[in-house]
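Architecture and fold: a report
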Amino acid sequence: MAATEQDLARVRRCIARAEAAAAAGDHPFAAMLVLDDEVLLEARNTVVSSDDPTAHGEMTLLRRAFATLPSEKIAASTLYSSMEPCAMCAGAIYWAGIGRVVFGCSAERLAQLAGKRLTMSCRAVFATGTRAMEVEGPLLEAEAEKIHAGFWKPGQVKGPGIYGTM
C-alpha cells in the first residue's frame, strides 16, 4: 500500500508532538496508533522526564496501548512515528503484532544529524522476523528532521544511560 494524504497528515501530527517533547525538555520523537481512521493513542518521548532510556515515543505508546486496549485491536492498527523506529522500538512493534509502520525521518538521516549510535533500519529488524511487515517511509523527511538540526550537540543532550554521556 502506498502512502496516502492521511498518512502524511498523521506523520505531520507526530512531528508536532515531537516538537512538543523537545519543548518539554525531552528528546524530539513521537508516535501514534491508528485503527480504521481513529487515533487510538498518541505518545511522545519521555526519556529525560522519566529518567528511562527506553521511554522512546513508540515504547511509551505501546506500554499505554497494552495497558488500555485489547491485543487484537493493537495488532490491527498502524503505528505512525515522527522518526524511523530504532532497533529496540522496531522489535517491540514486531512483537506487538502491528503489521504497518509509517514514519517521517529515516534512521540514516538522524545518524547524520545526531551522530551514529546503534543505527539500524527498522526494515532490517523486521526482515529477521517470520511475518511480513509493511513499512512506509521516510515521508516528509525534510519537515521531520528540522527539530533535530542543532538539538543533538555534544554536552547539550540530557538523559539517562548513553544519553548522559553524549
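Sequence order as written defines residue numbering, which begins from 1 separately in each chain. In keeping with the predicted nature of the model, local features appear solely for residues at pLDDT of at least 70, side-chain atom pairs appear and are counted solely at 80 or more, and the whole-chain, interface and lining totals rest on all residues. Heavy atoms throughout the structure, all of them, feed into the side-chain values; hydrogens and water do not.

Some details on the overall build of the protein
We count it as follows: Secondary structure elements follow DSSP: runs of H or I no shorter than four residues count as helices, runs of E no shorter than two count as strands, and numbering proceeds from the N terminus. For this analysis, residues touch if any pair of their heavy atoms sits within 4.5 Å. Note on areas: Shrake-Rupley, 1.4 Å probe, and residue coverage restricted to the protein chains presented here.
Looking only at helices and strands, the protein features eight helices and five strands. At a minimum sequence separation of 6, the contacts of the protein that also span at least 24 residues come to 61%. For the protein, the accessible surface area stands at approximately 7800 Å², while carbon and sulfur atoms represent 55% of it.

Let's talk about the nonpolar core
Short version of the rule: The set of buried Ala, Val, Leu, Ile, Met, Phe, Trp, Tyr and Cys residues whose side-chain atoms join them within 4.5 Å is what this entry labels a nonpolar core. Relative accessible area decides the class of each residue, using a 1.4 Å probe on protein chains only: under 20% of the type maximum gives buried, over 50% gives exposed, and in between gives partly exposed.
Ranked by internal contacts, the top residues of the largest apolar core, which has 24 residues, are L33, L79, I93, I98 and F126. Only β1 (30–35), β2 (38–44), α3 (57–68), α5 (87–96), β4 (100–105) and α7 (122–127) provide two or more residues apiece to this core. Considering every element that reaches this core, the biggest residue donor is α5, with four residues. The contacts of I98, once residues within four sequence positions are left out, are L33, L62, I74, A75, S77, L79, I93, R131 and M133. Judged by nonpolar contacts, the second largest core, of 19 residues, contains L8, C14, I15 and Y80.

Notes on the pattern of salt bridges
The criterion, for reference: Just to be clear on terms, a salt bridge is a Lys or Arg side-chain nitrogen sitting within 4 Å of an Asp or Glu carboxyl oxygen.
What the rule picks out here adds up to seven salt bridges. For R100, the salt bridge goes to D7, with nearest N and O atoms at 2.7 Å. Remark: D7 occurs in helix α1 (residues 5–23) and R100 occurs in strand β4; sequence separation between them is 93 residues. Accessibility expressed as a relative area gives 2% for D7, which makes it buried. Between E42 and R13 there is a salt bridge; the shortest N-O distance is 2.6 Å. Here E42 is found in strand β2, whereas its partner R13 is found in helix α1, with 29 residues between them in sequence. According to the relative accessible area criterion, E42 is partly exposed, its value standing at 21%.

Focus on the pairing of strand β3 (residues 78–83)
Here is the rule: Strands pair, by our definition, only if DSSP identifies at least two bridges between them. With the strands aimed away from the viewer, a crossover counts as right-handed if its path from the first strand over the helix to the second runs clockwise.
For β3, a buried count of six out of six residues is recorded, marking the element as mostly surrounded by other parts of the structure. Of the strand pairs in this sheet, β1 and β3 are connected by four bridges, and their pairing is antiparallel. Looking at the pairing, M32 lines up with Y80 of β3. By the bridge criterion, five bridges tie β3 to β4 in an arrangement that is parallel. Following the sheet pairing, T78 is matched in β4 by R100. Each parallel crossover has a hand, and for β3 linked through α5 to β4 it is right-handed.

Details of the packing of aromatic side chains
The test is simple: Stacked, edge-to-face and tilted labels apply to pairs of Phe, Tyr and Trp rings (six-membered ring for Trp) whose centres lie within 6.5 Å, assigned for plane angles under 30 degrees, over 60, and everything in between, in that order. A ring has a charge above it when a Lys NZ or an Arg CZ is no more than 6 Å from the ring centre and no more than 35 degrees off the ring normal.
Overall, the coordinates contain one aromatic pair when judged by the stated rule. An angle of 85° between the planes, with centres 5.3 Å apart, marks the rings of Y94 and W95 as edge-to-face. By relative accessible area, W95 is classed as exposed at 72%. Over the face of the ring belonging to Y94 we find R131, whose NZ or CZ atom lies 4.5 Å from the ring centre.

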